[in-house]
Each structure stands twice: as structure tokens, then as C-alpha cells.
Amino acid sequence: MRLGNLSPYQKGPVPHGIEETLPEDCEVEQVMLMHRHGSRYPLASELVFITNLVSKLANASKAIQKARLPTNLAFLKDGYTSTLGHDDLTAPGRMQLFEHGVDFRLKYPTLEVDGILAGLQDRVVESAQWFAQGYFGRAWTALNSTMFSTIGEDAKTPSWITPMDTCADWQYDFGNNATIEWGSVYLPPIAKRLNRLLPGVSLSTDDVHGALYACAYDLAALGTSPWCEAFTPSEIEDFEYELDLLMDGAFGYNLPGSMGEVLGSLYVSKLVERFTNSTGDAKPAYLEFGHDTTIDLALTALGLAKDTPPLSATGPVRASRKWRTSQQVPFAAQMLWEKFTCRSSTFSGSHARGPQVRLLLNDAPFPLSTCAHMDKKFGSCSLEDFVASHKASAERKWGDAVWNATCGHAAL
């Protein structure tokens, strides 16, 4: 089910004409993984919508018992309660990360891993730990103290994982305001439809929002939710679009001016630094853990998944839009970069025999269409082409002139 960035993990779509598997003579020699935390409980600010809905339904229990409910709302006769916590990983979230750790070990059995880095937030740290246990097994108990490290997620720590935290002029409201505007368009008709079926309950648009959150977070915590069947496919699509607007507005192309590109450039700069070994100490594998926002900002800096015209808070909901958080940043999303070389296979561009770069987004190749000479068969491009095509982002640094012009003067 497509529930935006609240979707359970799912393999990304493979673009038409793009091959998933590299030729046999190609060898991946370096990888950089940015992994979103696994499925979580609702944020405290989201949970309140669910708890208020539960109270509304409990107070209207007599009316619900008298109503002749359609099959998809019949569960309300038994009462709907919620025991969801907030913010922390759920059991499915823990399993997602453990399994991804196992999968990574099987995918790259010869690449040496000597460290794991996590953004300093509970659910991110726990996600990294579950991944490590899947990857290392029992050995992780002894390795944890020397191989695990964290980086602050605060206004004092410049970071490619949470760059917005040190950008004084960035505001979450850039995205949230768009969701409020879109909510005023799509939520009232749903409330009207449900209230016709539930006389005497008087659901508000906030209650409808709570029911949509209940669908997403019951799934995230329990693997199932009766609320998901209470909505029509088009209503779920409108909710998905709300979440796309949130992420695009706060961490993507609808940020003011070039803010999205500037914030995401910290990640691109780190990627280029490592794949070109500009510091002389690059490692074969980087395993790092953060958020959907990290991935969204990186895509923005690279000009990928960009819609023209931009997504609008008044609609329409374009089925062909490129910015799809359900596909790009579900829970436990994986942005995995590979640097590889091939003995005989050649690729598009003037450096077809040199090191190549490929992006796997949620286990599926994501074409690097903003490279000047993308290979159309694999969606990859040469490392040299990648660096040249994203020169501005690769050279950007926290606190430089462009950063300060975008975010305000850098000060920690």
C-alpha cells in the first residue's frame, strides 16, 4: 500500500529498459549506504490525532451500535482502540533492519566493513544496531564498542545526515504549510462521506486525519489495520500526495530558492570525497543511518525525481509525478551507491572503461539521469562524469558563501 514516507519497506520499481544485474566481469569495489530507520510508531504530534479519534468513537459508541455499517466499517461495532507508542521503532522495524543487515552481508561478502555511523536519535541508533546484528551476528557484541559511532542531530553539528539542523533559515513549516493547504482540499469530502455512513459520530477533518494515520501506523506496528479498508483507493492516493508535499516542501524541490540543493550538497560532497579518495583514506564500505529527509535532500541536490511543474498544494494529484515518497523513502529505505569497474564491458561516455557509479534505491537501480552521459542500459555513469555533472554540489561546504547566503550566517 502506498502511504508515502509512512509506507512499509518495499523494493523500488525497476525503470523500463534498465537492467538490475551488472555484467559478470564487473566488480563493486566501494559502496556508500545511507539507510533510513525502520518502521516506527507515530510521532507524538501525529499520535494525538489517533487518540482523539479513539475518544470520539468511544463517546459515540451507542450511535455506532445502532448504525447499519458497510462491511469495511463493521469493525467499529467491536470498538476501535489503540495501544500505539510514539517515536520508537516497532517490531517490524527491527526486523526490517536485521534482514537488511543479513542481505548486505550476502550481497557484498568481500567488502571490508570497519565501522557504522548513526545519527544520534534513538530510532536511528537502534536501527543501526539491528542492522549490525544482522550483518555481524554474535560478533557484534564484541565489536560494538570500537566500530559503532554517532553524529549529533542538532544545531551545533554540521552533518550530511541532518543538514537542515544547522541551517538557521530552514523551517519544517515549508512543507507542513503545504499539507495544511492540501488537507483543506481533500479531507472535507472524506469526512462528509464517512459521516453519512456513521450518523451521530460527527467526524471532523482532524478525525479523518487520525484514521489515515491509524491505517499507516497500525501497519507499521502490527502489520495490519482495519482503517486501511475504510478508505477508497483515491482517498489513499490523496493521503499519499499529502506526504509527498510534506517531504518535497520541507526537504525537496519546493524549499525556497536553491535551499534543497544546497542542503543536500553536503551529502553529495561526502559521496564524491569518498569515491574519488580525495582525502587519501577512503574505505571500501560506508554504512550510515539517518532519515528519509537525508535521502530526499540528496536526490534534490542531484536533480533526481524532479517534477516540472513543481508539485502543487492545491493539486492535481498527477499519477505520473516523479517525486514518490512511497517508492523512494518508505520505512527502512536504502540509498546505496556503488563504485565499480569492469574488465571488458564498456559503458556510455568518454570514460567508459574507468570507474563507474550506480545508485540502487531500495534494491532497484535508480537512473542517474542528470549525468551528462548516463549509460541507458544500467542507469549508471562514469565516476568522472558524475563528478563533473555535479561539480557545484561536490565542491560545496558547510558555512561557505553559498551556504551562508541560503541559510544565514553559519554559527554553531
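Residues numbered from 1 in each chain as written. Predicted model: local features only at pLDDT ≥ 70, side-chain atom pairs only at ≥ 80, totals over all residues. Heavy atoms only, no water.

> What's the story with the packing of helix 6 (residues 173–197) against helix 7 (residues 205–222) in this structure? I'm lost.
For any two helices packed against each other, the geometry comes down to the angle between their axes and how far apart the axes lie. Across the interface, helix 6 lies against helix 7 with an axial gap of 9 Å and an inter-helix angle of 90 degrees. Considering the angle they form, helix 6 stands roughly perpendicular to helix 7. Touching Tyr186, Leu187, Pro188, Ile190, Ala191 and Leu194 of helix 6 are Thr205, Val208, His209 and Leu212, all from helix 7. Classifying every residue of the contact of helix 6 with helix 7 gives 8 nonpolar, 2 polar and no charged. (Axes fitted to C-alpha atoms, helices over the stretch in contact; angles between N-to-C directions. Helix = DSSP H or I, 4+ residues; strand = E, 2+ residues; numbered from the N terminus. Parallel < 35°, antiparallel > 145°, perpendicular 65-115°, else oblique. Contact = heavy atoms within 4.5 Å. Nonpolar A, V, L, I, M, F, W, Y, C, P; charged D, E, K, R; others polar.)

> Honestly, empty space enclosed by the protein in this entry has me stumped. Any pointers?
In this approach the atoms are scanned with a rolling probe the size of a water molecule, which exposes any empty space left behind. Counting across every chain of the model gives 1 cavity of 30 Å³ or more. Here the largest cavity defines a volume of roughly 30 Å³. If you go around the largest cavity, the residues you meet are Asp248, Tyr253, Lys306, Asp307, Pro310 and Leu311. Per-class residue counts for the lining of the largest cavity are 3 nonpolar, no polar and 3 charged. (1 Å grid on protein atoms, 1.4 Å probe; cavity = no way out; pocket = protein on both sides within 12 Å on 5 of 7 lines; lining within 4 Å. Points joined across faces, edges and corners; volume = space filled by probe spheres on them.)

> Honestly, the packing of aromatic side chains in this entry has me stumped. Any pointers?
What characterises a pair of aromatic rings is the spacing of the ring centres plus the angle enclosed by the ring planes. Enumeration according to the criterion identifies 20 aromatic pairs in this entry. Taking the centre distance of 6.2 Å and the plane angle of 35 degrees together, the rings of Tyr213 and Tyr217 count as tilted. Of this pair, Tyr213 and Tyr217 both sit in helix 7, 4 residues apart, roughly one helical turn. A network of ring pairs unites the aromatic residues Phe104, Tyr108, Phe131, Tyr135, Phe136, Trp140, Phe148 and Phe289 as a single cluster. Geometry around Tyr135 places Arg105 over its ring, the cationic atom sitting 4.6 Å from the centre. The side chain of Lys270 reaches across the aromatic face of Trp160, ending 4.5 Å from its centre. (Phe/Tyr/Trp six-rings, centres within 6.5 Å; stacked < 30°, edge-to-face > 60°. Lys NZ or Arg CZ within 6 Å of the ring centre and 35° of its normal.)

> Would you take a moment to explain the pattern of salt bridges for this structure?
A complete count under the given rule lists 16 salt bridges for this structure. The salt bridge involving Glu240 is made with Arg321; its shortest N-O contact spans 3.6 Å. Taken together, the residues span a long stretch of sequence, with Glu240 in helix 8 (residues 233–251) and Arg321 in the loop between helix 10 (292–301) and helix 11 (325–328) at a distance of 81 residues. We note that Glu240, like Arg321, is buried. Of the charged contacts in the structure, one is a salt bridge between Glu395 and Lys391, with a shortest N-O distance of 2.9 Å. Of the two residues, Glu395 and Lys391 are both situated in helix 13 (residues 391–395); the distance of 4 residues between them amounts to about one turn of the helix. On the accessibility criterion, Glu395 (48% relative accessible area) is partly exposed. Residue classification places Lys391 among the partly exposed residues on the basis of a relative accessible area of 47%. What you see here is one network of salt bridges that share partners, running through Glu240, Asp244, Arg321 and Arg324. (Salt bridge = Lys/Arg side-chain N within 4 Å of Asp/Glu carboxyl O. Buried < 20%, exposed > 50% of the residue type's maximum accessible area, 1.4 Å probe, protein only.)

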